[in-house]
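Overview (structure and organization)
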Amino acid sequence: MKSVIASALALVAISQPLFAAENIADLEKAARGEGQLHSIGMPDSWANWKDTWQQLGSIYGIKHQDTDMSSAQEIAKFAAEKANATADIGDVGGAFGPVAVKQGVTQPYKPSTWADIPNWAKDADGHWMLAYTGTIAFLINKDLVKAAPTSWQSLLGGDYKVTLGDVGVASQANNGVLAAAYATGGSEKDLKPALDLFGQLAKQGRLSLNDPTIANIEKGEVEVGVLWDFNALNYRDQIDPKKFDVVIPSDGSVIAGYTTIINKWAKNPNAAKLAREYILSDAGQINLARGYARPIRSNVTLPDDVKAKLLPAEQYANAKPVQDHAAWEQSSKALPRQWQETVMINMQ
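All residue numbers refer to position in the chain's written sequence, counted from 1. Owing to the predicted nature of the model, reporting of local features is limited to residues with pLDDT of at least 70; listing and counting of side-chain atom pairs is limited to 80 or more, with chain, interface and lining totals taken over all residues. Think of the side-chain values as coming from all heavy atoms in the structure, minus any hydrogens and water.

1. Looking at helix 8 (residues 192-203)
Helix numbers and strand numbers start at the N terminus; a helix is a DSSP run of H or I with at least 4 residues, a strand a run of E with at least 2. The span you would expect from a helix comes to 1.5 Å times its residue count less one. Here helix 8 is 12 residues long and its end C-alpha atoms lie 16 Å apart, about the 16 Å a rise of 1.5 Å per residue gives. Categorising residues by exposure relies on relative accessible area from a 1.4 Å probe, with only protein chains included: less than 20% of the type maximum marks a residue as buried, more than 50% marks it as exposed, and the intermediate range marks it as partly exposed. Every buried residue of helix 8 is listed here: Ala194, Leu195, Leu197, Phe198, Gly199, Leu201 and Ala202. Contact between two residues is taken to exist if any of their heavy atoms lie within 4.5 Å; hydrogens are not considered. Buried residues along helix 8 sit in contact with helix 6 (152-155), strand 6 (162-163), helix 7 (171-183), strand 7 (207-208) and helix 14 (325-342). Immediately beyond the C-terminal end of helix 8, within one or two residues, lies Gly205, with a positive phi of roughly 70 degrees.

2. So, the environment of Tyr160
Here Tyr160 shows up in the loop between helix 6 and strand 6. Here the alpha-carbon distance between Tyr160 and Leu201, two residues 41 residues apart in the chain, equals 10.0 Å. Non-local contacts of Tyr160, meaning those with residues more than four positions away in its chain, are made with Val145, Ala147, Pro149, Ser154, Leu155, Arg206, Glu223 and Val224.

3. What about the pattern of salt bridges?
Any carboxyl oxygen of Asp or Glu that lies within 4 Å of a side-chain nitrogen of Lys or Arg is treated as forming a salt bridge with it. In the structure shown here, the tally under the stated rule is 14 salt bridges. Close ionic contact of Lys77 with Glu81 constitutes a salt bridge, the shortest N to O distance being 2.8 Å. Remark: Glu81 and Lys77 occur in helix 4 (residues 71-81); sequence separation between them is four residues, near one turn of the helix. Lys142 serves as the salt-bridge partner of Asp245, at 3.8 Å between the closest nitrogen and oxygen. Remark: Lys142 occurs in the loop between strand 5 (130-141) and helix 6 and Asp245 occurs in strand 9 (residues 244-247); sequence separation between them is 103 residues. What makes Asp245 partly exposed here is its relative accessible area of 30%. Three or more residues are tied together by salt bridges with common partners; here these are Lys102, Glu329 and Lys333.

4. Description of the packing of aromatic side chains
Pairing of aromatic rings covers Phe, Tyr and Trp, the last counted by its six-membered ring, and requires centre-to-centre distances within 6.5 Å; plane angles under 30 degrees mean stacked, over 60 mean edge-to-face, and any other angle means tilted. What the rule picks out here adds up to 13 aromatic pairs. Plain terms: the ring middles of Trp49 and Tyr132 are 6.0 Å apart, the flat faces sit at 75 degrees to each other, and that makes the pair edge-to-face. In this pair, Trp49 sits in helix 3 (residues 49-60) while Tyr132 sits in strand 5, placing the two residues 83 residues apart along the sequence. The buried category is assigned to Tyr132, whose relative accessible area is 0%. Considering the side-chain rings of Trp152 and Phe198, the 6.1 Å spacing of their centres and the 80 degrees angle between planes classify their relative orientation as edge-to-face.

5. With respect to the packing of helix 8 against helix 14
Closest axis-to-axis distance for the helix 8/helix 14 pair is 9 Å, and the angle between their directions is 40 degrees. With respect to helix 14, the element helix 8 is oriented oblique. The chirality of how helix 8 crosses helix 14 is right-handed. Each of Leu195, Asp196, Phe198 and Gly199 in helix 8 lies in contact with helix 14, whose residues at this interface are Leu335, Gln338, Trp339 and Thr342. Throughout this entry, Asp, Glu, Lys and Arg are counted as charged residues, while Ala, Val, Leu, Ile, Met, Phe, Trp, Tyr, Cys and Pro are counted as nonpolar. The remaining residues, Gly among them, count as polar. Of the residues contributing to the contact of helix 8 with helix 14, the split by class is four nonpolar, three polar and one charged. Between the N-to-C directions of two axes lies an angle of 0 to 180 degrees, each axis being a line fitted to C-alpha atoms and, for a helix, fitted only over the stretch in contact. Here the word oblique covers every angle except those under 35 degrees (roughly parallel), over 145 (roughly antiparallel) and from 65 to 115 (roughly perpendicular). Each crossing is labelled by how the near helix is turned from the far one, with a counterclockwise turn of less than a right angle marking it left-handed and a clockwise turn marking it right-handed.

6. Some remarks on the pairing of strand 10 (residues 253-263)
Burial within strand 10 is extensive, with 10 of its 11 residues counted as buried. Of the pairings in the sheet, the one linking strand 3 (residues 89-93) to strand 10 comprises five bridges and is antiparallel in character. Across the sheet, Gly90 pairs through a bridge with Ile261, a residue of strand 10. Across five bridges, strand 5 lies against strand 10 in antiparallel orientation. Each bridged residue has a counterpart across the sheet, and for Thr133 the counterpart in strand 10 is Gly257. Where strand 10 and strand 12 (residues 319-321) come together, three bridges link them in parallel fashion. Bridging from a neighbouring strand, Ser253 pairs with Ala319 of strand 12. Note: two strands are recorded as paired if DSSP finds a minimum of 2 bridges between them.

Following this line, the structure appears as structure tokens:
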């Protein structure tokens, strides 16, 4: 049976000869021959990866399994295992894409929808490209928080604990710091205003060392969590939509994204490439949107029920993408030490 991707590509083969349908057919055949795919950092509950894995299985016969881990851990795993690779593909925060390339642990693959991806959101050689974006938001447990915060500044006047996660390791937590920096006069080069804010929360005894995972949120261990909007909305709806508010901080936030990276030593490289192809297809982009993540491709028409899952556009008025990627990469590297020296030292 002719594949969904090959059918779509037949319409654009003239304008994109590099991605001729027969090349995709060859890729599909090779991926079917491998028959399996091992991912890391792409669990079912994150951005609705579940539907993509199910569809890759039903359409192409590819069996899948995932091991969840942070962006930094994914790159370290690729580097440590090398030819003994147990993972084929990972999903890392946008700032970690260039890091993975510099470490020489990736292989390139440009999907047939390459031209639809903004230049700011992809590596020129195809080693990484954002598949979806997220914006840092507050997830607020209304049963535990009387006066819900609407901005970073308002956090300081509360009596609840704020849960950020593993700063210096997890991309979500790192971007939480950057979002706070944007709101408090900082930048990719200057995270000090944000670190000072979190330092004040620590002095108040209001910075939680918990992770804002769905399990901890469901147990009532997260009063105000700092998460990507797609995670916050997903967790809210899974647990109890009436119990939680999701708010984009009005004084500023960061729009960032996640990219697949294909292991240089992948045992199933064709399945990994086909997965990337599918993720950037219309069907794959809609899957991500069903998981509350905003697709990187603006020319995908979302079904009405999917659009209804997302926050109103006006909440994103003061959210912006990273302007200086090189500076953010450097700041991300320095963040673990700065977090310890500026914030953790104040923990009571």
